[in-house]
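Residue-level structure breakdown
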Amino acid sequence: MTLTPERAPKTAGVRRLTRTLYASAFCDEFVLLYPVYALLFSDTGLSVWQMSSLFALWSLTGVLLEVPSGAWADAVSRRLLLVLAPLLTAAGFALWVLVPSYGAFALGFVLWGAGGALGSGALEALVYDELDRAGAADLYARVMGRARAIGIAATMAAMGLAGPVFAWGGYDAVGAASVLVCLAGAAVATRFPEHRTPSAGGERWTASLRAGLAEARGDRSVRGALLLVPAVTAVWGALDEYTPLLAEDTGVAQETVPWLLLVIWAGATAGSLLAGPAERLTTTGFAVLIAGSALALAVGAAAGTPVALLLVALAFGGFQLATVLADARLQRRIDDTGRATLTSVAGLGTELGTLATYGAYAATASATGHGTAFAWATVPYLLTALLLAGAARTTAAAARARP
């Protein structure tokens, strides 16, 4: 009985946090422009190279702003940044549909990239710290997995709704709906609990940046966790942008593309929901997960048939699961004071990897087609799996050698 008064506020705090997180995740991804904006670019007359340059600009914006925004999130209110982020994205989407042109698309991606950088690091740090404060840090992987699953479900709902809305009102209608949901996301973010007190001082964010980088330099396990996040996330995060073109290359009608994308993202949703049980995976198990997902992606994409996209869905499920687990491993290893900074450093690595993937994909797809480009993109995952398996064997050998 004496524990009830102490536990009730903590339970209520976790409940408020998770409800707000799930609502925010839904608003972030329920964007009707997602399944059709590549088609918008194509209908405007952009080539594959021009589209890839836009994606690269998007990533470059994240590269430049990722770490400073993470350090800023450690120095000021993380909730404030989570409110500002969707407002920038809304402005970018409005530009796309009001003045569709290469310049407007480019500026929209800069705004979207800036919004993504503000939220990256801040969200993970806020959620982990609030869970830790409530004595529930062990729920982080499960909670974030569910949030990602809700986000993917929102993407799938947007894909299903995009076709009818587009048929009714064209790009203007899907654009207006996308702007409105971003504004709703900003309103939801004001409900995030935040008990952390921002640091004071004239050079707050630079001090946070120095402290976070010093922790990464001084702890080998932190460095390994930092590298694992981009190794898992970067390539498939870039391939996501080309899935409509991969689906279209299977020979289906354009209006069928969103339905095929629903299948792919159903696989990713399932991967997110497995994050809690899968947190017990060993390093060897993690390597098997990545290698199996890579092989499924290569075979499914190269086949060039709608049915083979089921393998692509399986692969995206594996990569989504690996992404959540890599983030959870990182959060367990870093210190509270520099949490957003180091999460953003991992995000920077992801953006750099994504940027490289865009360039490699454009070159490969222009010469060989989208299916072959997807298949070649699995090579980094196979190499990562080999490195993880080797590290696991080295660790096991060292453990056996101890007296």
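Before any of the text, the structure's been laid out above.
This section reports on the structure supplied with the text.

Reading guide: rules and limits
- Residues numbered from 1 in each chain as written.
- Predicted model: local features only at pLDDT ≥ 70, side-chain atom pairs only at ≥ 80, totals over all residues.
- Heavy atoms only, no water.
- Salt bridge = Lys/Arg side-chain N within 4 Å of Asp/Glu carboxyl O.
- Helix = DSSP H or I, 4+ residues; strand = E, 2+ residues; numbered from the N terminus.
- Buried < 20%, exposed > 50% of the residue type's maximum accessible area, 1.4 Å probe, protein only.
- Core = buried A, V, L, I, M, F, W, Y, C linked by side-chain atoms within 4.5 Å.
- Contact = heavy atoms within 4.5 Å.
- Axes fitted to C-alpha atoms, helices over the stretch in contact; angles between N-to-C directions.
- Parallel < 35°, antiparallel > 145°, perpendicular 65-115°, else oblique.
- Left-handed = near helix turned anticlockwise from the far one by under 90°.
- Nonpolar A, V, L, I, M, F, W, Y, C, P; charged D, E, K, R; others polar.
- Expected span 1.5 Å × (residues − 1).
- Polar contact = N/O pair within 3.5 Å; in protein donor to acceptor, adjacent residues only side chain to side chain.
- Phe/Tyr/Trp six-rings, centres within 6.5 Å; stacked < 30°, edge-to-face > 60°.
- Disulfide = S-S within 2.5 Å.

**Looking at the pattern of salt bridges**
In total, this model carries two salt bridges according to the counting rule given. Of the charged contacts in the structure, one is a salt bridge between Arg-78 and Asp-129, with a shortest N-O distance of 2.7 Å. Of this pair, Arg-78 sits in helix α4 (residues 78-98) while Asp-129 sits in helix α6 (residues 122-133), and the two are 51 residues apart along the sequence. Among the residues examined, Asp-129 registers a relative accessible area of 15% and is labelled buried. The salt bridge involving Arg-332 is made with Glu-279; its shortest N-O contact spans 2.6 Å. Pair noted here: Arg-332 is in helix α14 (residues 309-333) and Glu-279 is in the loop between α12 (275-278) and α13 (283-303), with a separation of 53 residues, a long-range link.

**Regarding the nonpolar core**
Formed by 91 residues in total, the largest nonpolar core has its most connected members in Tyr-37, Phe-41, Phe-93, Trp-96, Phe-109, Trp-265 and Phe-286. In terms of residue count, helix α7 (residues 140-189) provides more of this core than any other element does, 13 residues in total. Each residue touching Phe-41, except ones within four places of it in the same chain, is listed here: Leu-46, Met-51, Leu-54, Phe-55, Trp-96, Phe-105 and Phe-109. Of all hydrophobic cores here, the second largest spans 31 residues; its members include Val-14, Leu-17, Val-83 and Ala-147.

**Examining the packing of α6 against helix α15 (residues 339-368)**
At a closest axis distance of 8 Å, the pairing of α6 and α15 adopts a crossing angle of 140 degrees. With respect to their mutual orientation, α6 and α15 come out oblique. Like other packed secondary-structure pairs, α6 and α15 cross with a definite hand, here right-handed. Where α6 approaches α15, its residues Ala-122, Glu-124, Ala-125, Tyr-128 and Asp-129 are matched on the opposing element by Arg-339, Ala-340 and Thr-343. Residues of the contact of α6 with α15, tallied by class, amount to four nonpolar, one polar and three charged.

**A word on the side chain of Ser-24**
Within the secondary structure, Ser-24 sits in helix α1 (residues 4-29). Among all residues touching Ser-24, those that are not within four sequence positions of it are Val-188 and Phe-192.

**Concerning α4**
The periodicity of an α-helix, 3.6 residues per turn, causes residues three or four places apart in sequence to face the same way. Taking 1.5 Å of rise per residue, the 21 residues of α4 would be expected to cover 30 Å, and the 31 Å separating its terminal C-alpha atoms lies within 8% of that figure. Of the positions making up α4, those classed as buried are Arg-78, Leu-81, Leu-82, Val-83, Ala-85, Pro-86, Thr-89, Ala-90, Gly-92, Phe-93, Trp-96 and Val-97. Where α4 is buried, its residues meet α2 (37-43), α3 (48-75), α5 (102-119), α6, α7 and α15. Where α4 begins, one side-chain oxygen reaches toward the backbone nitrogen of Arg-79, 3.4 Å away; that side chain belongs to Ser-77.

**Section: the side chain of Thr-384**
By the secondary structure assignment, Thr-384 is in helix α17 (residues 379-401). Owing to a relative accessible area of 13%, Thr-384 belongs among the buried residues under this scheme. Separated by 2.9 Å, the side chain of Thr-384 and the backbone oxygen of Pro-380 make a polar contact. Among all residues touching Thr-384, those that are not within four sequence positions of it are Ala-231 and Ile-290.

**Comments concerning the packing of aromatic side chains**
Tallied over the entire structure, the rule returns 30 aromatic pairs. Look at Phe-319 and Tyr-381: their rings are 4.2 Å apart centre to centre, the planes differ by 25 degrees, and that puts the pair in the stacked class. Remark: Tyr-381 occurs in helix α17 and Phe-319 occurs in helix α14; sequence separation between them is 62 residues. With relative accessibility at 1%, the residue Tyr-381 sits in the buried group.

**Brief notes about the environment of Val-97**
Inspection of the secondary structure assignment puts Val-97 in helix α4. You can call Val-97 buried: its relative accessible area is 14%. Taking the C-alpha atoms as reference points, Val-97 and Gly-175, separated by 78 residues in sequence, lie 5.9 Å from one another. With residues up to four places along the chain from it excluded, the contact list for Val-97 reads Leu-33, Tyr-171, Asp-172 and Gly-175.

**Looking at the state of the cysteines**
The full count for this structure, using the stated rule, is zero disulfides. Cys-182 provides the cysteine sulfur closest to Cys-27, a residue in no disulfide bond, and the two sulfurs are 8.8 Å apart.

So yeah, pure geometry; function would need other evidence.
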